[in-house]
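Working through the structure, step by step
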Amino acid sequence: MAGTKNNRRTRYTRQAIKDSFLQLLAEKDPSKITVTEICQQADINRGTFYQHFRDPADLFSQIEQDLLDKILPILAMRPKDHLEAWLNRFIEVLQENAVVGRLILKDYQDSRLLAITFNEVHDLAISEFRQRFQEDNPQLLEYYFAYFVKGTIGTILQWLEDGSPVPAQALTGMLIKVLQNTQ
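Attention here is on the structure that accompanies the text. (Residues numbered from 1 in each chain as written. Predicted model: local features only at pLDDT ≥ 70, side-chain atom pairs only at ≥ 80, totals over all residues. Heavy atoms only, no water.)

A short note on the overall build of the protein chain
When its secondary structure is counted, the protein chain shows nine helices and zero strands. Secondary structure elements of the protein chain, listed N to C terminal, follow the sequence α-α-α-α-α-α-α-α-α. The dimensions of the protein chain, computed from C-alpha atoms along their principal axes, are 60 × 35 × 30 Å. For the protein chain, the residues scored as buried account for 43% of the 183 residues in total. Partitioning the contacts of the protein chain with sequence separation of at least 6, the portion at a separation of at least 24 is 63%. Of the roughly 10600 Å² of accessible surface on the protein chain, 49% is carried by carbon and sulfur atoms. In the protein chain, the 21 positive side-chain charges and the 24 negative ones have mean positions that sit 6 Å from each other. (Helix = DSSP H or I, 4+ residues; strand = E, 2+ residues; numbered from the N terminus. Buried < 20%, exposed > 50% of the residue type's maximum accessible area, 1.4 Å probe, protein only. Contact = heavy atoms within 4.5 Å. Areas by Shrake-Rupley, 256 points an atom, 1.4 Å probe, with all protein chains shown as cover. Lys, Arg positive; Asp, Glu negative; His and termini not counted. Charge placed at Lys NZ, Arg CZ, Asp CG, Glu CD.)

As structure tokens, then:
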């Protein structure tokens, strides 16, 4: 039916707008991208854009939500999961979505996606840190977690900006080694 939210033409148009925005994101800062540029890239008019999104910030928010919906099932903790297995899945998802991943990692303190993602692994990480570092002080364990989160984010961001020159598995292994040698 025409006008319904999930009809094929509507899905196609929304995806064309998102793809155009992502192409522009690869070239410039999101705050510098205009609706006009998105429309030109997507070959649509401004009215069509505004039928689907309020502004470029709303568009980015929806792209982030799409990524969140996609990665949460992948990153959900599994029975007998170890931090390394979870971290490798996280890195692979960011690599598959490198343009959005870089933006999210750059603004990690305001990223809802990263807050939800690292909250998922918090208890597992604290448990592993407790064993690995023979530490029971809850405040120190939280500092270990902060180090893990911020160091991991910074390293993955650099890796993505460098064009992912080493396999995700190698990056995961390096991050785990660094963590294991931190005492």
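After that view of the structure, there is still more to cover.
Observations concerning the pattern of salt bridges
Taken as a whole and assessed by the stated rule, the structure comprises six salt bridges. Glu161 is paired through a salt bridge with Lys106; the nearest N and O atoms lie 3.6 Å apart. Here the residue Glu161 occupies a position in helix H8 (residues 138-161), and Lys106 occupies one in helix H6 (residues 98-106), the gap between them amounting to 55 residues. Residue classification places Lys106 among the exposed positions, given a relative accessible area of 53%. As a salt-bridge pair, Glu128 and Arg132 come within 3.5 Å of each other at their nearest N and O atoms. Residue Glu128 and its partner Arg132 are located together in helix H7 (residues 112-132), separated by four residues, close to a single helical turn. (Salt bridge = Lys/Arg side-chain N within 4 Å of Asp/Glu carboxyl O.)

Spatial relationships are all this shows, so hold off on functional conclusions.
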